[in-house]
Amino acid sequence: MGFHKRYINDNQVIDIFEEQGYQGIVDWYTKGVDAIITSGDLSEHVYDILYLDLLTSTEKQTKISKLISQAFQKKRKN
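Being a predicted model, the structure only gives us computed values, none of them experimental.

Parameters and conventions
- Residues numbered from 1 in each chain as written.
- Predicted model: local features only at pLDDT ≥ 70, side-chain atom pairs only at ≥ 80, totals over all residues.
- Heavy atoms only, no water.
- Helix = DSSP H or I, 4+ residues; strand = E, 2+ residues; numbered from the N terminus.
- Rg over C-alpha atoms; globule rule 2.2 N^0.38 Å.
- Buried < 20%, exposed > 50% of the residue type's maximum accessible area, 1.4 Å probe, protein only.
- Contact = heavy atoms within 4.5 Å.
- Areas by Shrake-Rupley, 256 points an atom, 1.4 Å probe, with all protein chains shown as cover.
- 1 Å grid on protein atoms, 1.4 Å probe; cavity = no way out; pocket = protein on both sides within 12 Å on 5 of 7 lines; lining within 4 Å.
- Points joined across faces, edges and corners; volume = space filled by probe spheres on them.
- Nonpolar A, V, L, I, M, F, W, Y, C, P; charged D, E, K, R; others polar.

Visitor: Explain the overall build of the chain here, please?
Guide: Assigned secondary structure in the chain consists of three helices and two strands. In terms of C-alpha radius of gyration, the chain reaches 12 Å, essentially the compact-globule figure of 12 Å for 78 residues. Reported as C-alpha extents along the three principal axes, the dimensions of the chain are approximately 45 × 30 × 20 Å. Going through the 78 residues of the chain one by one, you find that 31% of them count as buried. The contacts of the chain with a sequence gap of at least 6 include a subset with a gap of at least 24, amounting to 62%. Entry remark: accessible area of the chain is about 5500 Å², with carbon and sulfur atoms responsible for 49%.

Visitor: What's the story with the layout of surface pockets in this structure? I'm lost.
Guide: Volume-wise, the largest pocket comes out at about 220 Å³. Of all the secondary structure elements, the ones that give two or more residues to the lining of the largest pocket are α1 (10-30), α2 (41-50) and α3 (57-77). Tallying contributions element by element places α3 first for the lining of the largest pocket, with five residues. Along the lines of polarity and charge, the residues of the lining of the largest pocket split into four nonpolar, three polar and four charged.

Note that every value here comes from positions in space, so none of it alone points to a role or purpose.
As structure tokens, this is what we get:
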């Protein structure tokens with residue numbers, strides 16, 4: 001049995017969200033992985049929100065969707 005690490009960067013988060021939506025993000029961070037290594041502010045913030053027990057599922061979805069949308073707009077400008 002192996003130990004599955006997943007490296008997640010900001011561009012991956014934006015691309016997955018564009019292609020698969022919020023559920024794709026949740027799956028990428030939670031399914032089939034034992035450890036997550038983030039690279040970038042966006043990927044780290046998404047991780048923090050997903051694993052924060054103080055928020056409801058709806059609040060998590062709203063916050064994450066807003067963060068990714070803002071990052072996507074910023075990326076498009078550059």
